[in-house]
Amino acid sequence: MKIGVLALQGNYKMHNYVLESIGIKPVNVRYPYELDNVEGLVIPGGESTTMSILMNRMGFYKPLQSFANDYPVFGTCAGLILMSEKVVDTELESLGLLDVQVERNGYGRQINSNTVDIEFELNNMNYTIPGSFIRAPKIVSYGDSIKVLAMSDETPIIVKNKQHLGISFHPELDNISILHEYIFIGATTNK
Ligand code: GLN
């Protein structure tokens, strides 16, 4: 199976390693036509404003939205911001794939970045993984279509909507593959 990793900006390389570790071939996507060759897409962490400017310049918005009608999209950190319905603090065009409103850097600045234990359940299995928050977005509200898979401090941090997944931290930095596996390999069984 080939999964795309949006490689316009940010930390996409770590996602390549995690995908390879679970037997998926990562394809770095830099042009919209490259979406034709993949069956899912990771939008990595980075700088959401820069990524959105580059996405606009390369004409990614419409092709990515129609790709998302058929295939799973998984966003981490800045990727979650780009997948959201609305960004409350910045003029930023988001894709509207997850019915959440987010605040950029909602947990504070770089100095407040930290790693905490995250507990959640997937397909009747319990997991505890490290969650690295790096100038992470905070989900400030969400709609009925959203399934919250994990919370921290009463705030959702892993959310799902149809076949899409958004998380505010960075499992790829801690070599955690369970969420990639869940959304891309388990996608047919976890609806
Ligand atoms: N703070 C960044 C932004 O707003 C996201 C940080 C990250 O992806 N680690 O775009």
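Now for a description of the structure that goes with this document. Remember, predicted model here, so these are calculated numbers, not experimental data.

The rules behind the values
- Once a new chain begins, its residue numbering starts again from 1 and follows that chain's sequence as written.
- Confidence filtering applies because this is a predicted model: local features only for residues at pLDDT of at least 70, side-chain atom pairs given and counted only at 80 or more, and all residues used for totals across whole chains, interfaces and linings.
- Remark: hydrogens and water are excluded; side-chain values derive from all non-hydrogen atoms of the structure.
- Here the term buried applies to any residue with accessible area under 20% of the maximum for its type, exposed to any over 50%, and partly exposed to those in between, with areas from a 1.4 Å probe on protein chains only.
- Only DSSP runs of H or I covering at least 4 residues are called helices, and only runs of E covering at least 2 are called strands; the numbering of each starts at the N terminus.
- Only when DSSP finds a minimum of two bridges between them are two strands counted as paired.
- Think of each axis as a best-fit line through the C-alpha atoms, taken over the contacting stretch in the case of a helix, with angles from 0 to 180 degrees between the N-to-C directions.
- When at least one non-hydrogen atom of a residue lies within 4 Å of a molecule or strand, that residue is treated as near it.
- Think of a polar contact as two N or O atoms within 3.5 Å of one another; within protein, one of them needs to be a possible hydrogen donor and the other a possible acceptor, and neighboring residues in sequence only count if both atoms come from side chains.
- Reported accessibility uses the Shrake-Rupley method at a 1.4 Å probe radius. Residues are deemed covered only where the shown protein chains occlude them.
- Any residue outside Ala, Val, Leu, Ile, Met, Phe, Trp, Tyr, Cys, Pro, Asp, Glu, Lys and Arg is labelled polar, Gly included; the first ten of those are nonpolar and the last four are charged.

Of the two faces of strand S6 (residues 98–103), the one lined by Leu-98, Val-100 and Val-102 is fully buried and the one lined by Asp-99, Gln-101 and Glu-103 carries no buried residue. Alignment of strand S5 (residues 84–87) against S6, held across three bridges, turns out to be parallel. Counted as the bridge partner of Lys-86 is Gln-101 from S6. As judged from the four bridges shared by S6 and strand S9 (residues 138–142), these two strands associate in the antiparallel manner. Paired with Val-102 across the bridge in S9 is Ile-139.

What follows is about the sheet that holds S6. The three strands lie next to each other as S5-S6-S9, forming an open sheet whose pairing is mixed. Edge positions in the sheet fall to S5 and S9, since each of these pairs with one other strand and no more. Taken pair by pair, the neighbouring strands of this sheet meet at an average axis angle of 35°, ignoring direction.

Take the site of the ligand next. Around the ligand, the surrounding shell consists of Gly-45, Gly-46, Glu-47, Ser-48, Cys-77, Ala-78, Ile-81, Arg-104, Asn-105, Ile-134, Arg-135 and His-170. At 3.1 Å from an oxygen atom of the ligand is found a main-chain nitrogen or oxygen belonging to Ala-78. Arg-104 has a polar side-chain atom sitting 2.7 Å from an oxygen atom of the ligand. Protein burial of the ligand: of its 300 Å² of free accessible surface, 97% is covered by the chains. Along the lines of polarity and charge, the residues of the shell around the ligand split into four nonpolar, five polar and three charged.

As far as function goes, none of this settles anything; it's purely spatial.
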